[in-house]
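These are the residues of each chain, in order.
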Amino acid sequence: MAGGNERSMRALKEVWKRPENSLCADCGKPDPDWASSTLGVFICLSCSGIHRNIPSISKVKSLKMDHWDDAQVQFLAKNGNAVTKATYEAHIPIYYYQPTYNDCQVLREQWIRAKYERKEFTEPGKQLPYSDGVKEGILWKRGRDSGQFLPRKFLLSEREGCLKYFTKQDAKEPKINIKIDVINATFQPEKIGNPNGLQITYLKDNKTRNIFVYHESGKEVVDWFNAIRSVQFHYLKVAFPIASDNEIKNRLTRNFLKEGYMEKTGPKQREAFKKRWFTLDHRRLMYFKDPLDAFAKGEVFVGSRENGYSVQKGLPSGTQGNFSWNYGITIATPDREYLFTCETETDQLEWIKAFTSVINQAMTPQEYAIEAYFKFKS
């Protein structure tokens with residue numbers, strides 16, 4: 001009996017060591033140490049918890065702590081991540097967002113359920129709830145002034161190239177009509193205070209506007225997210241006919257590079273530093289009095305190093321403004337310096353890393369136009 005167990009463990013380790021099984025099948029996290037004995041995939045601890053919630057589809061076991069019999073090991077050897085992905089991920093739409101281990105729970109859960117429970121990607125041309133170019137329904141939207149979440153009707157239309165929302169179910173005219181090419185959407189469960197919280201950001205008169213929404217159903221809110229990406233993808237295919245699918249995919253919704261509190265001072269650098277919530281959305285550094293504000297109090301354009309932008313650790317000697325946080329950052333632009341302070345050294349280093357990643361990238365023609373607008377505005 002003991003010999004059989006040892007033989008099974010050796011065989012299990014051999015399958016486990018295969019290159020295709022070195023990353024979680026669902027989120028890509030390295031060194032997964034759980035597996036599904038019914039699906040044949042190697043997964044991480046976090047994804048195993050999601051699999052455990054769909055026991056009719058997946059039975060999960062620890063590769064280190066649980067016993068695996070010969071038949072189960074043979075099943076893993078016959079399948080594994082590569083074979084199983086070839087079945088369950090055979091026809092993923094190019095625009096569908098495939099989450100990683102850095103993404104929130106609702107995205108990862110609905111990705112797993114879409115693959116194994118609903119089998120959305122096993123057949124070519126399958127009609128999906130986010131793929132027909134139109135979506136209509138109720139989302140709970142946070143009021144700009146009241147802060148209260150109220151049900152609002154939203155309408156997404158590929159034909160019209162826009163997202164609308166209405167304050168009343170029977171309203172003829174929308175409260176806001178947003179062009180699809182200026183929309184970003186990113187999940188913000190912690191900031192919004194709801195596990196299904198979605199932040200919709202768009203540009204109006206070249207200024208950023210935020211809308212915060214959620215839906216009680218995780219599937220529904222993720223369907224909205226992928227419907228936005230679907231409509232954007234098809235819009236951009238028409239607008240940029242020579243661009244490849246992957247180039248267009250990279251221009252769809254994006255996560256913010258960094259968010260959090262910093263203190264800032266004014267242009268004279270003698271004003272008291274004030275605590276603000278900052279969001280770095282690629283080259284736009286926006287700051288808000290409150291994380292859930294609809295409009296930014298101000299925006300700073302972060303250009304490239306070759307155009308005279310840089311980031312330094314610390315503040316210039318002789319900085320006069322009063323500040324309570326001691327970990328300074330200086331952003332130098334061709335026109336002025338922006339001074340910030342962070343509460344901890346970890347925050348400081350993370351912000352510097354994020355700024356550096358942007359500054360080291362060459363600017364696109366569109367970004368030169370945005371820079372020109374910022375200079376004109378100031």
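Residue numbering note: each chain is counted from 1, following its sequence as written. Residues qualify for local features only when their pLDDT is at least 70, as the model is predicted, and side-chain atom pairs are given and counted only at 80 or more; totals for whole chains, interfaces and linings, by contrast, use all residues. The basis for every side-chain value is the complete set of heavy atoms in the structure, and neither hydrogens nor water enter the calculation.

By the naming in an unreviewed UniProt entry, the protein chain is ADAP1 protein, taken from Campylorhamphus procurvoides. UniProt positions are given in the numbering used here, feature names are shortened, and annotations may be inferred rather than shown by experiment. Of the protein chain, the UniProt comment under Subcellular location (unreviewed entry) reads exactly: "Cytoplasm".

A.B. asks: Is there a simple way to think about the overall build of the protein chain in this case?
C.D. replies: Helix and strand assignments come from DSSP, with helices taken as H or I runs of at least 4 residues and strands as E runs of at least 2, each series counted from the N terminus. Secondary structure assignment for the protein chain yields 10 helices and 17 strands. Overall, the C-alpha framework of the protein chain stretches about 80 × 55 × 45 Å when taken along its three principal axes. Residue pairs in contact within the protein chain that sit at least 24 positions apart in sequence constitute 52% of those at least 6 positions apart. For accessible areas, the Shrake-Rupley method is used with a probe of radius 1.4 Å. Any residue's cover is judged against the shown protein chains and nothing else. Of the accessible surface of the protein chain, which amounts to about 18,900 Å², a share of 50% is contributed by carbon and sulfur atoms. Residues scored as positive are Lys and Arg, those scored as negative are Asp and Glu, and His as well as the terminal groups of each chain are ignored. Lys charges are placed at NZ, Arg charges at CZ, Asp charges at CG and Glu charges at CD. Of the side chains in the protein chain, 57 bear a positive and 46 a negative charge, and the two mean positions are spaced by 3 Å. Contacts between residues were defined by any pair of non-hydrogen atoms, one from each residue, lying within 4.5 Å.

A.B. asks: When you look at the sheet that holds strand E2 (residues 42-43) in this model, what are you seeing that I'm missing?
C.D. replies: Either a parallel or an antiparallel arrangement is found when strands of a sheet pair, and the pairing is made through backbone hydrogen bonds. Strand pairing follows a simple DSSP-based rule, namely that at least 2 bridges must link the two strands. Ordered in space as E2-E1-E3, the 3 strands form an open sheet in which the pairing is antiparallel. Two strands lie at the open edges of the sheet, namely E2 and strand E3 (60-62), each paired on one side alone. Alignment of strand E1 (residues 34-36) against E2, held across 2 bridges, turns out to be antiparallel. Paired with Trp34 across the bridge in E2 is Ile43.

A.B. asks: I'm lost on the packing of aromatic side chains in this one. Help?
C.D. replies: Where two aromatic rings form a pair, the distance of their centres and the angle of their planes describe that pair. Here is the rule: rings of Phe, Tyr and Trp (six-membered ring for Trp) pair when centre to centre is within 6.5 Å. Planes less than 30 degrees apart are stacked, more than 60 are edge-to-face, and the remainder are tilted. Scanning the entire structure with this criterion turns up 20 aromatic pairs. For the ring pair Tyr97 and Phe225, a centre distance of 5.6 Å and an interplane angle of 75° mean the geometry is edge-to-face. Here Tyr97 is found in the loop between helix H4 (80-88) and helix H5 (105-117), whereas its partner Phe225 is found in helix H7 (residues 218-239), with 128 residues between them in sequence. Buried means the residue's accessible area, taken with a 1.4 Å probe over protein chains only, is under 20% of the maximum for its type, while exposed means over 50%, and partly exposed covers the values in between. Taking relative accessible area as the criterion, Phe225 reaches 3% and is therefore assigned buried.

A.B. asks: Explain H7 to me, please; I cannot follow it from the model alone.
C.D. replies: For an α-helix the count is 3.6 residues per turn, leaving residues at separations of three or four pointing the same way. One fewer than the residue count of a helix, multiplied by 1.5 Å, yields its expected span. With 22 residues, H7 should cover 32 Å at 1.5 Å per step; its first-to-last C-alpha distance of 32 Å lies within 8% of that length. Polar contact is defined as a pair of N or O atoms within 3.5 Å, subject to the rule that within protein one atom must be able to donate a hydrogen and the other to accept it, and that residues adjacent in sequence are counted only when both atoms are side-chain atoms. The backbone nitrogen of Lys219 lies 3.3 Å from a side-chain oxygen of the residue at the head of H7, namely Ser217.

A.B. asks: So what exactly am I meant to see when it comes to the pairing of strand E13 (residues 284-288) here?
C.D. replies: On any regular strand, side chains alternate: one points to one face of the sheet, the next to the other face. The buried count for E13 comes to 5 of 5 residues, which makes it a mostly enclosed element. The pairing of strand E12 (residues 274-281) with E13 spans 5 bridges and is antiparallel. The residue of E13 that forms the bridge with Leu280 is Leu285. In this structure, the hairpin formed by E12 and E13 is closed by a connection of 2 residues, where His282 is found at a positive phi of approximately 55°. Where E13 and strand E14 (residues 298-301) come together, 4 bridges link them in antiparallel fashion. The residue of E14 that forms the bridge with Tyr287 is Gly298.

A.B. asks: Explanation requested: the pattern of salt bridges in the structure shown.
C.D. replies: Two side chains bearing opposite charge may form a pair once their charged atoms approach each other closely. Each reported salt bridge corresponds to a side-chain nitrogen of Lys or Arg within 4 Å of a carboxyl oxygen of Asp or Glu. Applying the stated criterion across every chain yields a total of 21 salt bridges. A salt bridge links Lys115 to Asp26, with the nearest nitrogen and oxygen atoms 2.6 Å apart. Here Asp26 lies in the loop between helix H1 (2-16) and E1 and Lys115 lies in helix H5, a separation of 89 residues in the sequence. No difference in accessibility class separates Lys115 from Asp26, as the two residues are buried. Lys164 serves as the salt-bridge partner of Glu160, at 2.7 Å between the closest nitrogen and oxygen. On the accessibility criterion, Glu160 (38% relative accessible area) is partly exposed. The exposure class assigned to Lys164 is buried, which follows from its relative accessible area of 13%.

A.B. asks: Mind showing me how you'd approach the UniProt feature "domain: PH" (unreviewed entry) in the protein chain here?
C.D. replies: Feature annotation in UniProt assigns "domain: PH" (unreviewed entry) to the following positions: residues 132-233 and 255-360. Across residues 132-233 one finds 20% helix and 46% strand; the C-alpha atoms that close the span lie 12 Å apart. Taken end to end, residues 255-360 has its terminal C-alpha atoms 19 Å apart, with 14% of it in helix and 38% in strand.

A.B. asks: Quick question: what am I supposed to make of unusual backbone geometry here?
C.D. replies: The bulk of non-glycine residues show a negative phi, and the bulk of peptide bonds are trans. The backbone of Asp31 shows a phi angle near 60°, a positive value even though the residue is not glycine. Positionally, Asp31 belongs in the loop between H1 and E1. Asp31 sits in the exposed class, given a relative accessible area of 65%. The phi angle at Lys119 is positive, at roughly 50°, despite the residue not being glycine. Its place among the elements puts Lys119 in the loop between H5 and strand E4 (134-142).

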